[in-house]
Amino acid sequence: MLVPARTRHTQPEFQFPLGPIQALLSEGRDEEHSAFINADRINTHLGILIPGAFPARHNLHKYWGKKPANIFSKCISFFSKEGELVLDPFCGSGVTVVESVISKRKAIGFDLNPFAVFLTESLLQGNQCEGIDQAMSKILAELTPELSRIYGTHCTVCGAEVVARSFGWRKTELISVRYICPTCKKRLEHAPTEEDLRKATIRYDVSCPDMEMHYGWEMQKLKRGNIKKFSELFTSRNLFLLSKLWDLIALVENDVCRRFLQLTFTANIAQASKMIADYKDSGGGPSWKINCYWLPADCQELNVLHYFKNRLKRTKAAVQELHELLPKSATACGAAVIHDSRKRFDTLADNSVDYILTDPPYGGEGIQYGELSMLWNLWLGYSEDLDAEVAFNPYRNKAEADYAEGLKQVFAEAYRLLKPGRWMSVTFNNKDIKVWNSLISACKGNGFELVVVAPIRRSAPSLTESVMTKAPKSDVLIHFRKPDGTTVGQVFAQKKFSVFDETVRLGGEIIQKKGFAHSSEILDALTVEWFTFQYSVEDGRTDGELTLHTVNDVLAQSPQFRSLHTILKQADEKLWSKSKTEI
């Protein structure tokens, strides 16, 4: 267990809300919903899965691997009815739970990460958030006078006193002061003066949550940089302002308003750190872009309060949207709970859940949710049980077998809870066949029938996906069913899956239909076909890897695809060149 060394507020006691969950179950409906659902109907009604932009409610806070709300909402509406119970055993940022409640379902989400539960609980209370402007006015009245003392500088054009918005650093050297002059009305920048350098090097007396750095998988860059505590991720003046801001938020009387201000704070805390690279206006704005903790050689020190106020705009938009969409009894319809989904919980009876929609951890080199949430949990005062995570992590002695066994236990519980004939939808993405086999073993071994697999098209590739040429470019949405005596699964006659032959066949089909096929589209189709084959065939064998490299090699070797391969190679090289400038 990792516990903050010092916190200045009471750590909350998380308890499983027995009453609300019993209420959710007692009002459940047993009407048959699956009789008219089959693979063709799923394909027809769900259509091509294209993610929309994140709505304001899910744009409130960063959470790694967040899934598109429009697709989850569509699945919830298709596979369940109003009033029925939806479960997410890996609730993460709360998309399943919140969208279920908005769709007039009941919902329960489990997660081991305290931050995931805090975020989901807060979203469910969004229609109760009042007085955020008044609370912020008091905070600004306290902090604004500090800004000139901490960030104040003088315009080199007109001499007016200004408050800088950001500072450019090259390693430990301050090299640039940036601001918008209220007199000149211009965005300006100058080399630091002696006064700028003096203010940047003042050591403030700060009392804030801190602890020894945990050198997990996502902290190896910090280990190499000899960073020993989380507080070292910040300049002294930014840490001082963060501490003052956090103390003032703690004084807000309205509990829900305080929670949303705390979320605004944690959403902004990475921007206040040294982890913001100085991209010279080419990186799409200052944000925590890559899924690890790091200290770039060229970084930006951002004005804490300016960017907090910017982030507050997102918070207010989320609150307004939740006021409009959530039912008045949202917290009675939905619940998020810190719970290990591998362990039986008797309050949830066998065959009591109508639909399961979940996004499990992806294993392999997948996202380490607990480690990446440590900075947020630290300030909120929550401890994390990282040893209990379902994950592959060699830095914490969690092997691939541990990940596979964890998935197996979670889906055993999922099978127990789901009603016969009802559905479970799972999103997944990995470049490693061994990890895919872990999911297959977990679901197939527990008795789920595979019905439909479909890629979720990317509206835009993430930075990680752009630079990892072996990575699949789309998540896959897999629909399973708990048997009820009828068979809906697909059957394959062959026992061997030829990556070469299937790449050629699927590439030809896509080109015939569209006139062109990108290698990532072929990989998506190949992954879907392979997963369906591997799930349906006992002791199925695969000759080759499911990677973009493999697809491109096949295209290069096949006479009918050589010209396409040349075009795709040029396109991929152009994308790779663009992505390198963003790191």
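Report on the accompanying structure. Not measured: the values here are computed from a predicted model.

Time to look at the packing of aromatic side chains. We describe a pair of aromatic rings using the distance from one ring centre to the other and the angle between the two ring planes. Throughout the structure, instances matching the rule amount to 27 aromatic pairs. Taking the centre distance of 4.7 Å and the plane angle of 55° together, the rings of Trp246 and Phe265 count as tilted. Linking Trp246 in helix H9 (residues 236–250) with Phe265 in helix H10 (residues 255–269), this pair joins segments that are 19 residues apart in sequence. Pair check on accessibility: Trp246 and Phe265 agree, each one buried. These aromatic residues form a ring-pair network of at least three members: Tyr362, Tyr415, Phe428, Trp436, Phe448, Phe480, Trp530, Phe531 and Tyr535. Above the ring of Phe167, the side-chain terminus of Arg237 is found at 4.1 Å from the ring centroid. Cation over ring: Lys444 sits above Tyr535, and NZ or CZ is 6.0 Å from the ring centre.

Here we take up the nonpolar core. Phe230, Leu261, Phe265, Tyr293 and Trp379 are the most contacted members of the largest nonpolar core, which totals 93 residues. When neighbours within four sequence positions are excluded, Leu261 is seen to be in contact with Ile132, Ala135, Met136, Ile139, Ile249, Val252, Phe308 and Leu312. Counting 56 residues, the second-largest nonpolar core is a separate cluster that includes Phe90, Ile433, Trp436 and Phe533.

What follows deals with the pattern of salt bridges. Proximity of charged atoms lets side chains of opposite charge pair with each other. Inspection of the entire model under this criterion finds 30 salt bridges. In this structure, Arg422 and Glu84 form a salt bridge, with 2.9 Å as the shortest nitrogen-oxygen distance. In this pair, Arg422 sits in strand E11 (residues 418–428) while Glu84 sits in the loop between helix H3 (69–79) and strand E1 (85–88), placing the two residues 338 residues apart along the sequence. As far as burial versus exposure is concerned, Arg422 and Glu84 are alike and both buried. In this structure, Glu371 and Arg396 form a salt bridge, with 3.1 Å as the shortest nitrogen-oxygen distance. Within this pair, whereas Glu371 is found in helix H13 (residues 369–372), its partner Arg396 is found in the loop between helix H14 (374–380) and helix H15 (400–417), the two being separated by 25 residues in sequence. Residue class for Arg396 comes out buried when judged on its relative accessible area of 10%. Look at the salt bridges and you will find they share partners, linking Glu84, Asp354, Lys419 and Arg422 into a network.

As a further point, take empty space enclosed by the protein. Inspection of the entire model under this criterion finds 5 cavities of 30 Å³ or more. Estimated volume of the largest cavity: approximately 450 Å³. Around the largest cavity, the lining comprises 37 residues; the ones closest to its centre are Tyr63, Phe90, Gly92, Asp111 and Tyr369. For the lining of the largest cavity, the secondary structure elements donating two or more residues are helix H4 (95–102), strand E2 (106–111) and H13. Here the lining of the largest cavity is built from residues that sort into 18 nonpolar, 9 polar and 10 charged. Counted as a void, the second largest cavity has a volume near 80 Å³. Forming the walls of the second largest cavity are 13 residues, and the residues nearest its centre are Phe110, Ser341, Lys343, Glu413 and Leu417. No other element matches H15, which puts 5 residues into the lining of the second largest cavity. When the residues that make up the lining of the second largest cavity are grouped by side-chain class, the tally is 8 nonpolar, 2 polar and 3 charged.

Take the pairing of strand E10 (residues 353–358) next. Put simply, side chains in a regular strand alternate between the two faces of the sheet. Counting buried positions along E10 gives 6 out of 6 residues, so the element sits mostly inside the fold. Where E1 lies against E10, 2 bridges are found, and the strand directions are parallel. Of the residues in E10, the one forming a bridge with Leu87 is Ile356. Direction of pairing for E10 relative to E11: parallel, over a ladder of 5 bridges. Opposite Thr358, over in E11, you have Val426 as the bridge partner.

The rules behind the values
Counting restarts for each chain, with residues numbered from 1 along the sequence as it is written. Local features in this predicted model are restricted to residues whose pLDDT is 70 or higher, and side-chain atom pairs enter the listing and the counts only when it is 80 or higher, whereas totals over whole chains, interfaces and linings include all residues. Hydrogens and water molecules were not included; the side-chain quantities draw on all heavy atoms of the structure. Each pair of aromatic rings taken from Phe, Tyr and Trp, with Trp reduced to its six-membered ring, is defined by centres within 6.5 Å and is described as stacked if the planes are under 30 degrees apart, edge-to-face if over 60, and tilted in the remaining cases. The secondary structure listing takes helices from DSSP runs of H or I that are at least 4 residues long and strands from runs of E that are at least 2 residues long, numbered from the N terminus. Only protein chains enter the accessibility calculation, which uses a 1.4 Å probe; a residue whose area is less than 20% of its type maximum is buried, one above 50% is exposed, and one in between is partly exposed. Charge-over-ring contacts are defined here by two conditions on Lys NZ or Arg CZ: a distance within 6 Å of the ring centre and an angle within 35 degrees of the ring normal. Here, the term nonpolar core denotes a set of buried Ala, Val, Leu, Ile, Met, Phe, Trp, Tyr and Cys residues that are joined through side-chain atoms within 4.5 Å. Two residues qualify as a contact provided that any one of their heavy atoms is within 4.5 Å of a heavy atom in the partner residue. In the sections that follow, a salt bridge refers to a side-chain nitrogen of Lys or Arg positioned within 4 Å of a carboxyl oxygen of Asp or Glu. Points on a 1 Å grid over protein atoms alone make up a cavity when a 1.4 Å probe fits among them but cannot get out, and a pocket when they form an open set with protein on both sides within 12 Å along at least five of seven lines; lining residues each have an atom within 4 Å of a point. Grid points are joined across faces, edges and corners, and a volume is the space filled by probe spheres set on the points. Here the term charged refers only to Asp, Glu, Lys and Arg, the term nonpolar to Ala, Val, Leu, Ile, Met, Phe, Trp, Tyr, Cys and Pro, and the term polar to all other amino acids, Gly among them. The rule for pairing is simple: two strands pair if DSSP sees at least two bridges between them.

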